[in-house]
Structures are given as structure tokens and as C-alpha cells.
Amino acid sequence: MRSTLGRIGLCALLGAMVAICLFVTASPAFAQGGEPQYFAIRGAKVVPVSGPAMEDATVVVARGVILAVGKDAAIPADAWVIEGKGLTIYPGLVDALTDVGLVTAAPAPSSENAAAAGPARRAEEAARGPEDRPNSTPWRSAAEEVSLADKRIETWRSAGFTTVVSSPKTGFFPGQAAVLDLNGERSGDLVVKALVAIPVSTKPGSSFGRGFPDSLMGVIAYEHQVFLDTDWLTKAEAAYEKNPKGTARPRYDRASAALAEVLEDHATVLISANSALEMRRALELAARWKVNAAIYGGQAGYEMADELAAKKIPVLVNLKWPEAEKDADPDQMPTLRTLRLRDRAPSTPARFAKAGVKFAFYSGDSVNPKDLLKAVKKSIDAGLAPDTALRALTLSPAELYGVSDRLGSIEKGKIANLVVTDGDLFNEKTKIKYVFVDGRRYEIREPEKPKDPPKGDITGKWKLSYTTPEGAEESTADLTMASDGTISGTLSSKRGNATILSGYLTGDHFTFVININIGQNFADVTFSGTYDGIALKGNISVEGYSIDFIGTKPGAASSLAQVADLAQGDAR
Amino acid sequence: MNCLRFAVLTAFTLSVASHATLATPPDASPVIVIQNATILTVTKGTIERGSILIKDGKISEVGPSVKAPKDAMVIDAEGKFVTPGIIDCHSHIAIDGSVNEGSISVSSIANTAEVLNSDDVDIYRDLAGGVTTANILHGSANSIGGQTVVIKLRWGQPASKLPFEGALPGIKFALGENPKRSNFSIPGQPKRYPATRMGVEETIRGAFTEARDYKNSWDAYNKKIAGGDKSALPPRRDLRLDPLVEVLEGKRYVHSHCYREDEILMLLRVAKEFGFKVRTFQHVLEGYKVADELATAGVGASTFSDWWAYKVEAYDAIPYNAALMTKRGVVVSINSDDAEEATHLNQEAAKSMKFGGLTHDQALKLVTINPAMQLGIDKRVGSIEVGKDADLVIYDHDPLSAYAVVQKTFVDGHVLFDRDKDIAGRAALEKEKNDLIAKEKAAAKKSEEKKGEQSKKPEEKKPEEKPKPPSSDQAAPSANGGAQ
């Protein structure tokens with residue numbers, strides 16, 4: 001009957017529409033194309049850190065949170081299952097102090113900012129005393145400045161780091177550190193906790209000739225004064241509000257106001273200290289300022305582990321182990337003290353573990369996060385237990401910053417931050433397969449492999465010459481080529497040093513990529529061209545802009561003319 | 001004579017037990033007897049052949065003969081001379097970072113005591129020169145410079161253990177060319193007031209006027225609190241003015257760098273006006289011109305032996321300065337202002353015998369009891385007397401002889417420098433250094449090989465990284481026998 005058919009048809013149509021709607025709502029738009037909200041990794045080795053490792057176990061994730069962990073974890077019917085045989089799941093790694101996520105320099109002071117920051121002054125006027133609050137921006141907040149434009153977010157994530165504790169870097173009071181998860185669609189999504197710590201640096205920097213302070217003792221005295229002023233201003237302002245009559249009004253000080261807020265929130269004060277001398281001084285500073293403190297640096301900790309344990313001060317250990325400079329003059333003997341530090345620094349974490357010092361790892365000045373696990377491996381070789389090493393990359397930093405209730409280990413209810421590898425995390429040959437941040441899956445792809453075998457060997461120190469809009473420039477590229485043509489190495493220029501992220505020589509065509517700060521932000525810079533056995537010729541491409549360059553080996557040939565001569569076989 | 005000395009030296013070396021000079025000395029010093037030496041006590045005459053008993057870091061007995069307790073370490077100093085440890089009244093060693101907070105004219109907020117560097121090898125080198133106590137001063141870039149501290153050269157101890165317990169803290173002033181910078185400028189730094197001597201005076205007056213006012217506001221507050229007013233708000237603590245108030249209250253010594261007689265007299269006037277005393281004038285190369293004024297004011301003078309004409313204001317310097325001032329009744333010391341100069345202050349003191357005719361004993365005082373008095377620590381150090389600290393030096397010749405070489409230096413009864421041990425220990429340190437360098441090279445080579453494992457031309461890498469064999473480097477700062 002028509003009406004029945006119509007009803008059936010209508011029902012079918014409605015049903016189909018509902019089904020479509022359900023399908024649509026069940027898979028909201030994901031950048032990686034249709035990611036499920038529920039997934040499970042089944043039958044893998046799971047290393048929770050908060051408990052013993054489990055073989056043949058399952059981790060179930062739902063809506064960014066760990067739903068279940070264990071051998072018998074139930075997998076929801078509509079979960080997307082990844083077979084975990086041969087895989088190991090670790091908690092996402094935490095970089096305990098960095099500035100990943102922050103790309104811009106200090107925001108240029110607008111007229112309002114300048115007024116609020118203190119007595120109005122031109123940028124060139126040097127600080128005349130502590131009242132001018134030189135090089136201090138404790139109001140800067142990583143949580144406010146975080147930006148997805150920072151390419152390092154992807155670099156760090158691909159190396160297994162799901163979480164970073166980022167802070168602005170410059171000055172005596174650079175700003176406020178936030179815990180960031182390296183995942184999000186809008187910059188604000190990254191913030192796990194907006195204010196956890198403030199770093200305090202005592203390095204005078206190259207401020208000689210630019211005003212107070214220009215000595216270490218000046219910096220320390222300045223910082224004492226700031227803490228005193230912060231305490232006094234809080235009281236003075238309260239007293240003035242209560243009864244302003246007859247008292248000179250207290251001067252507003254942006255730095256003290258920011259510092260007071262930070263201290264009220266019991267944020268950890270991170271004091272920079274690397275040598276034993278600096279660490280002992282840091283302990284005295286922490287006691288004098290009466291703050292919850294932690295030390296960052298800590299590489300000479302092997303000398304004084306017991307003292308640190310007794311004072312219960314946690315230490316963030318800088319993973320950029322001290323080593324000989326690559327271009328060091330071979331005739332210049334380093335001091336015995338320097339040699340000892342270089343030799344023993346990697347043994348510091350093991351000494352800390354033994355003495356009971358709470359510690360975590362951070363990247364320091366490392367440019368390439370892949371070096372971080374290698375650096376941790378060095379400390380394992382020097383006596384640190386692998387379990388403790390892993391903890392220092394996961395649960396320990398989470399505890400230090402007060403977020404261990406939500407991340408740092410694979411436990412039911414915690415944020416689904418996971419690193420999935422095909423082997424032991426600290427084994428050089430292990431590859432990271434997936435990284436989950438807030439339950440969002442990232443597949444880690446292998447870098448491109450060169451197609452044809454390389455023609456010749458591009459290994460060596462190259463002088464690259466090119467002309468930018470700013471004028472003629474030169475950089476040095478220190479390249480090493482493996483037999484399959486993969487290029488690795490470093491590049492140094494007036495903009496700093498950078499590690500080559502990927503590169504290869506295939507046939508006579510080469511390409512390699514670095515990521516550096518080119519003014520306002522970090523960007524990939526790609527060098528590509530041809531290698532004829534003697535010189536490099538090609539172009540540098542950055543953000544759509546391209547310039548030509550020539551690469552020569554200094555010493556072998558100082559000009560292309562000579563290169564041409566040599567190629568023609570003219571012996572001199 | 002030489003054979004005898006050599007034999008004694010050998011016996012000496014053998015008889016000295018392996019005392020731990022390399023590790024951090026334990027707090028309890030061993031019991032030591034130094035015997036058969038010529039003891040120059042400085043204040044109680046010379047004992048031609050005598051002994052000293054050291055116990056608990058103090059001089060327990062001094063005399064022609066001393067009964068050595070059973071388990072005492074015995075040092076036979078036959079033919080040797082023992083003096084009190086030298087006190088350097090003007091030193092910039094052991095400071096971490098810049099010696100000057102030179103950015104502003106009044107940098108009293110800075111304090112050398114907060115940046116002591118216990119790792120500075122100059123501490124060890126000065127011990128090797130017989131120095132046991134040093135007045136660690138801020139530089140002379142400012143009319144009013146940073147706060148200062150007296151330390152003992154306790155090599156091997158952490159920075160917190162260096163300050164001389166009970167010694168009053170100090171502050172450095174500077175007058176003349178250095179703070180006014182007439183003869184040089186710091187690149188990048190705007191010209192800083194003051195630029196004249198009258199400006200230097202006004203800077204000091206201005207700072208003390210502020211300090212006086214600051215002190216009054218604190219006195220008023222304290223009075224309120226004492227009177228029971230609990231709600232009174234204290235004044236803002238100003239770390240720059242606190243030390244100046246301490247100067248006004250006589251709790252902090254003023255050590256003022258100066259050269260010319262006019263500025264010396266200027267500071268005496270300013271001090272009198274504000275009601276404080278200058279403790280010492282440093283360098284004070286024209287001090288001989290105003291010796292009577294210095295003696296009347298009771299200010300100490302700490303000067304160079306014979307430096308002159310390196311600046312216009314040093315043109316009238318004469319090597320008779322120390323002797324002339326001494327003869328007019330000023331307490332004079334001779335200082336180094338330099339880590340290297342500090343390794344031979346005994347010989348600098350000796351120069352005043354030639355220039356000015358000071359006696360042997362007067363000359364020795366210039367680097368022992370006199371600086372001790374200037375720094376207010378003469379109850380503890382500066383001479384060899386029972387009850388004083390066992391800060392001693394053993395020389396192989398009379399300390400005022402050009403041939404004198406320090407054999408051992410004691411601080412608080414610990415041997416912190418031992419010449420024979422230092423020399424004997426150098427080979428081991430050199431070996432450790434070379435082993436570590438070789439280890440680093442091997443590791444670097446291994447990682448290079450790993451990186452370019454299958455690289456076609458491994459030989460190409462070698463020329464880049466092949467080092468020249470390390471030459472024996474006397475100049476290199478390696479031979480620190482006390483290195484931890």
C-alpha cells in the first residue's frame with residue numbers, strides 16, 4: 001500500500017539520515033582525518049612508571065583520558081584497536097624546562113606598558129639602580145604567549161615529548177613557566193597549568209656598559225632588593241588603602257606586583273646553578289628569600305649530592321652535558337676542573353638517585369630533542385637505573401610541578417599522554433611509532449630516504465656563501481654523510497648554531513633542513529642543490545623566499561676559479 | 001752548608017707524615033709540633049731555636065723547647081724560619097665575576113661576601129706565598145663601592161667557610177682618577193657622574209646625607225614600636241643605604257682607595273663631619289705628605305712597596321712611603337692588590353729596610369701584626385703568641401731575604417700548602433689530565449666512526465681532529481696540589 005510503502009520509505013530515509021547524523025557526530029572533524037574518540041592498544045608491553053612494567057597488556061583511551069590499563073582491560077566495542085605486539089608504551093615524556101611554544105621576543109613595550117613598568121624612560125637609558133628593575137619581566141606568562149606557530153612543538157613531540165614546562169628565557173626574572181601539552185587547535189589548548197614556577201637567573205649577561213647591574217654581586221644584591229620590595233610593597237599598599245592620610249603613596253611596581261602574585265600561588269622559584277659553587281650559593285639564596293625553590297642546571301651535583309638531599313631541594317638536571325667545543329684550539333689545555341666536570345657530569349643523576357635527591361631532566365640549550373634521550377642514555381651508562389631515568393622524564397617532573405595527579409604515568413584517569421615505541425626507549429635503534437597527546441594520535445613517520453645512491457661523499461666542513469637582503473653572509477656547515485647518503489651535522493652562522501634535522505645526497509642532488517629563529521619565529525630553512533664532487537651549488541629556501549648559495553671547502557679551494565682550475569687538472 | 005740543608009730537607013720530607021692536604025681538611029686539626037726553628041714571633045721577639053705546639057687550630061705553646069705529645073705530628077724545621085701567616089690588606093682574589101659593580105657611582109648594595117669563589121686557584125697560589133688571611137675588596141670604580149669581607153685562605157673549604165669569624169665587615173671607597181674616570185672611558189657606557197674630584201666628594205656627601213635621613217626614619221620607627229605601636233609600617237629597607245648606616249654606627253670599616261694628599265684630607269674632613277671614622281686608606285701613595293694628619297686621626301695606611309708613576313696621581317709616589325709614615329706613628333701595612341704580588345709580600349716588606357731604614361722587625365710587622373690591627377683581628381692573628389690561631393709559615397731562609405721560599409703554610413693548624421707535596425703531586429695531576437683528554441678523544445672518535453660508519457673516506461676526518469701532543473705547560477693552571 002502506498003501509505004505503508006511511503007511510511008517505510010520515510011522511516012528508511014529518516015533512519016538513514018539518523019545514521020548519517022550519528023556517523024557525523026561520532027566522528028567530529030579531526031585534522032588527521034576521522035580520529036576516533038576511543039582507541040585501545042592491545043597486547044603491548046606497558047611501562048606505567050607508577051607501577052611495574054606489564055607484558056601483553058592493553059591501554060584504553062577515551063576522550064583524551066586513560067580509561068583502563070592492564071592485562072584484562074576491557075576494550076569498548078567502538079574503539080579503534082592498534083595491535084601492540086612488539087610495541088612498548090611509555091608515559092609521554094616531559095621536558096622539565098624549556099621555551100618550546102614561545103616564539104616571540106619580549107613584546108615591545110607599548111606606551112601603556114612603559115608607563116606601568118616604571119618611570120618612563122627611553123630604551124637606550126641604562127638602569128640607574130634596582131628601582132629601574134633592569135632585565136626583569138616576571139609578569140610575562142608562557143601560558144599567555146604560547147603559540148602553535150613554533151615549529152619546535154612538532155619536533156619535540158616527534159621525539160616523544162608530550163609535555164613541556166615552558167618559560168620565557170631572557171633576563172633575571174624572565175617570566176612565568178606553564179605546563180604545556182604539545183597538542184591543540186588553538187594556542188590556548190596547550191596550557192595544562194598556567195603558572196607553576198618562575199625561573200630566576202643570576203647571570204649578569206653582556207650588560208657591561210649598559211647600566212646596573214654589571215657584576216654578579218650586583219645581580220644578587222638586586223634580586224635581594226626585589227624580594228624585599230615585594231614583601232614591603234604588599235604591606236605598604238594594604239596599609240595605604242586602609243588609611244592613606246598623611247603617608248606618601250607607595251609607588252606602583254609592576255615587577256613586584258607580578259612577583260607577589262607568583263609567590264602567593266606558591267609557585268616554585270627555579271634558581272640557576274650548575275657548578276658546586278653556584279649550587280651552594282643557590283641554597284643560601286633560597287633560604288634568604290624564604291621561597292620554595294628548585295635548582296636548574298645541577299650538572300656538578302655529583303660533588304654535593306648529600307648536601308642537596310639534606311636541604312630537600314629538587315634539581316632539574318640539564319641534559320646538555322658539558323663537552324669540548326668542536327672548534328677548540330687543540331693546543332689550549334682545558335683546566336683539570338673542567339675536564340673532571342665533563343667526565344663526571346653524566347654520573348650526577350645516579351649520585352642523586354643514591355643520595356635521595358629529587359630530580360628531573362630538562363633540555364637546557366639542546367636544539368635537537370633527539371639528543372636528549374642519547375644524553376639520558378649517557379647517564380644510564382654512568383650508573384643511573386633505567387627505571388629511575390624514565391621516572392626523571394615523566395612522573396618526577398610532574399610531581400615537582402604539582403601536576404602528578406593528572407599526568408606523568410600510565411594510570412586510569414590520567415591524561416592520555418603516551419609514547420609508543422618498537423623497543424626500549426633508551427636503545428639507539430628504537431623508533432618511536434606513535435605519540436598520543438591528550439588522547440590525540442600522532443603517527444611518527446620516518447624521514448624520507450634518498451632514492452638513488454649518493455655520488456661522492458659530501459662529508460666535511462663547508463663554507464657557504466650567499467647574499468641576503470641584509471648583505472653578503474657566510475655560514476659553516478659541518479656535514480657527515482652515511483653510506484646510504486643520509487646527511488647529518490650542524491650549521492653555524494651569525495644567527496647561531498643549528499642541528500640538521502634531516503638531509504640526504506641522492507645521485508648528485510643534495511638537500512638538508514635546519515630549523516632556526518629567523519627574527520620573529522622559528523622556521524625551516526632548506527638547503528638544496530647539486531654536488532659535483534668539489535663544491536656545492538644550490539639555493540636556500542625559507543618561508544617561500546629563496547636565495548642562491550655556493551659551498552666550498554676552506555683550504556681545499558678558496559674560490560670557484562681555483563676549483564675550476566683544479567677540476568681541469570692544473571697542478572700548482 | 002748546602003749539603004747539610006739538603007740532608008735536612010730530605011729528612012724533613014721523610015719525616016712529614018702523609019698529611020691530607022689534597023682532601024678537604026677535617027674540622028679537627030691534628031696535633032703538630034714544629035721544632036728547632038728560628039721563630040719570629042713579631043710581637044714577643046725572636047726565639048733562635050725553638051718549637052711551637054699546635055692544638056685545636058691554635059698555638060698552644062711556644063718556646064725554646066716544647067714537650068711533644070705522644071701522637072703529635074713532628075715537623076723538624078731545623079735551619080728554617082717560622083713567621084705568622086701574612087695578612088694581605090688589599091686583595092681581589094676569590095671573587096666570582098667582576099670585581100666592580102661599576103655601573104653606578106654608589107654601589108654599596110653589592111657585597112663581595114656574597115660572591116666568594118672558593119674554587120679560585122689564586123687562593124692556593126697566595127698560600128704558596130705565605131698569605132693566610134686576605135681583605136677581599138670591591139674594586140675602585142666607584143666613589144662608594146661594594147661591601148667587603150675578610151677571609152682566611154681555607155683552600156678546599158666551601159665559600160661559606162672562608163669568612164674570618166668575628167672580623168667586622170667593610171666597605172670600599174675610592175677617590176681620584178678611578179672613580180672619576182678622567183683618563184679612560186668604558187665603551188658603551190654613558191659618562192657617569194662624578195667626573196671630577198669635587199664630584200667624588202659630593203657623591204660621598206650625598207650618599208651619607210641620604211643614609212643619615214634613612215637612619216632617622218628607622219630610628220623613628222623603632223621608637224614607635226618600642227612605644228607599643230604595633231601597626232606602624234617600617235620604612236622600605238634599602239640595601240644600598242644599610243651598609244652606610246652601619247658605617248655611621250661604627251659597625252662597618254671604611255677602606256678608602258686614594259692617592260693624593262688633598263683627597264686624603266678631604267675624606268678625613270667629610271668623615272669627621274658625618275661622625276664616622278675611616279679605618280684604612282688604601283694605596284695612599286702620598287701618605288708620607290700627610291703622615292701627621294693620618295697619625296692624629298688614627299687611620300691605618302695600607303700601601304704598595306714601590307709602585308709609582310703608572311698614573312698621574314701616582315707620580316709623587318716614593319718607596320720610602322711606608323717607612324716615613326711608620327716613623328710618624330701611623331700603623332702601616334704593605335699590600336698586594338694583585339694575586340701575583342701577594343705571593344711575595346715578605347720581600348715587598350723587606351724593601352722598607354732599604355728604603356727608609358726600617359728595622360727587620362718593623363719591616364716584618366708591615367705584613368703581619370699591622371694589617372691584623374688594621375682589620376681588627378689582631379687578637380686572633382698577626383703574631384706567634386699562645387692562644388692565637390695557628391696561622392704560620394715556614395720559610396727556608398729569613399723571610400725578608402731575597403732567597404726565602406715558602407715551605408709550608410698553616411691555616412687554623414692545617415697544612416694547606418706543602419711545597420714538597422705540591423711538587424711530588426704534579427705528575428699524578430698531569431697524568432689525570434692527560435688520561436681525561438685521551439678518554440674524551442677516544443669517545444669523540446668512537447662517535448665519529450659510528451656516525452659515518454660506512455662513510456667512504458674515513459681518513460679524511462683524521463687531519464681535522466689530530467691534535468698536537470700536549471706540551472708540558474708550566475704556565476697552565478694545572479698544578480694545584482690542593483685541587484679537590
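Owing to the predicted nature of the structure, the values given are computational and were not obtained by experimental measurement.

With that settled, the discussion passes to the overall build of chain A. When helices and strands are counted, chain A shows 14 helices and 25 strands. Split into buried and exposed, the 572 residues of chain A put 50% on the buried side. If you sum the accessible surface of chain A, you get close to 27,300 Å²; carbon and sulfur atoms cover 53% of it.

This paragraph deals with the pairing of strand 9 (residues 191–200) of chain A. Residues and elements named next belong to chain A. Pairing of strand 8 (residues 177–181) with strand 9, which is carried by three bridges, proceeds in the antiparallel orientation. The residue of strand 9 that forms the bridge with L180 is V191. Relative to strand 10 (residues 268–273), strand 9 runs parallel, the two being bridged by four bridges. When the sheet's bridge partners are listed, I198 is paired in strand 10 with V269.

Turning next to the packing of aromatic side chains. Residue and element names in this part refer to chain A. Counted by the stated rule, this structure contains 27 aromatic pairs over all chains. Judged by centre distance (5.7 Å) and plane angle (80°), the ring pair of F527 and F549 falls under edge-to-face. Of this pair, F527 sits in strand 23 (residues 522–531) while F549 sits in strand 25 (residues 545–552), and the two are 22 residues apart along the sequence. F527 gets classed as buried once you look at its relative accessible area, which sits at 3%. Look at F549 and you get buried, because its relative accessible area is 2%.

With 62 residues of chain B at the interface, the matching set in chain A holds 56 residues. Per-residue buried area on chain B facing chain A is highest for E114, L233 and R236 of chain B; these three make up 13% of the total on that side. Our count for the chain B to chain A interface comes out at nine salt bridges. Two residues, R236 of chain B and E131 of chain A, come together in a salt bridge whose shortest N-O distance is 3.5 Å. For the pair chain B and chain A, the number of links is 15 residue pairs in polar contact (both at pLDDT 80 or more). The class makeup of the residues in the side of chain B that touches chain A is 23 nonpolar, 18 polar and 21 charged.

The tendency in soluble globular proteins is for nonpolar side chains to be buried as a group. Grouped together as the largest cluster of nonpolar side chains are 175 residues, with contacts concentrated most on F208 and F281 of chain B. Judged by nonpolar contacts, the second largest core, of 25 residues, contains F512, V525, F527 and F549 of chain A.

Here we come to the confidence of the model for chain B. Residue and element names in this part refer to chain B. Per-residue confidence for chain B gives a mean pLDDT of 89; residues scoring 70 or more make up 86%. Below pLDDT 50 for its whole length, residues 6–24 participates in 29 contacts with residues either more than four positions away or in separate chains. Scored below 50 in pLDDT, residues 454–484 makes 53 contacts in the model with residues more than four places away or belonging to other chains. Note on the complex model: pTM 0.82, ipTM 0.87.

Attention now moves to the sheet that holds strand 9 (residues 170–174) of chain B. All names here are of chain B. Sheet architecture is open: eight strands sit in the order 6-7-8-9-10-11-12-13, paired in mixed fashion. If you trace the sheet from one side to the other, it starts and ends with strand 6 (86–91) and strand 13 (332–334), each paired once. The average undirected angle you get between the axes of adjacent strands in this sheet is 25°. Where strand 10 (residues 253–258) and strand 11 (residues 280–283) come together, four bridges link them in parallel fashion. Looking across to strand 11, one finds that H257 is bridged to Q282.

Residues and elements named next belong to chain A. It is the contact of helix 5 (residues 216–242) with helix 7 (residues 276–289), at a shortest axis distance of 10 Å, that shows an interaxial angle of 20°. Taken as axis vectors, helix 5 and helix 7 run roughly parallel relative to one another. Seen from above, helix 5 lies across helix 7 with right-handed handedness. Facing helix 5, whose interface residues are L216, I220, E223, H224 and F227, helix 7 presents R281, L285, R288 and W289. By residue class, the composition of the contact of helix 5 with helix 7 is five nonpolar, one polar and three charged.

What follows is about helix 4 (residues 197–226) of chain B. All names here are of chain B. Along its 30 residues, helix 4 runs 43 Å from first to last C-alpha, staying within 8% of the 44 Å computed at 1.5 Å per residue. Residues of helix 4 that are buried in the fold lie against strand 8 (144–152), strand 9, helix 3 (177–180), helix 5 (242–248) and helix 6 (261–274). Within two residues after helix 4, G228 carries a phi angle of roughly 100°, on the positive side.

What counts, and where the lines are drawn
Residues numbered from 1 in each chain as written. Chains lettered and ligands numbered in written order. Predicted model: local features only at pLDDT ≥ 70, side-chain atom pairs only at ≥ 80, totals over all residues. Heavy atoms only, no water. Helix = DSSP H or I, 4+ residues; strand = E, 2+ residues; numbered from the N terminus. Buried < 20%, exposed > 50% of the residue type's maximum accessible area, 1.4 Å probe, protein only. Areas by Shrake-Rupley, 256 points an atom, 1.4 Å probe, with all protein chains shown as cover. Pairing = 2+ DSSP bridges. Phe/Tyr/Trp six-rings, centres within 6.5 Å; stacked < 30°, edge-to-face > 60°. Contact = heavy atoms within 4.5 Å. Buried area = accessible area lost by both parts, 1.4 Å probe. Salt bridge = Lys/Arg side-chain N within 4 Å of Asp/Glu carboxyl O. Polar contact = N/O pair within 3.5 Å; in protein donor to acceptor, adjacent residues only side chain to side chain. Nonpolar A, V, L, I, M, F, W, Y, C, P; charged D, E, K, R; others polar. Core = buried A, V, L, I, M, F, W, Y, C linked by side-chain atoms within 4.5 Å. pLDDT = per-residue confidence, 0-100. Axes fitted to C-alpha atoms, helices over the stretch in contact; angles between N-to-C directions. Parallel < 35°, antiparallel > 145°, perpendicular 65-115°, else oblique. Left-handed = near helix turned anticlockwise from the far one by under 90°. Expected span 1.5 Å × (residues − 1).

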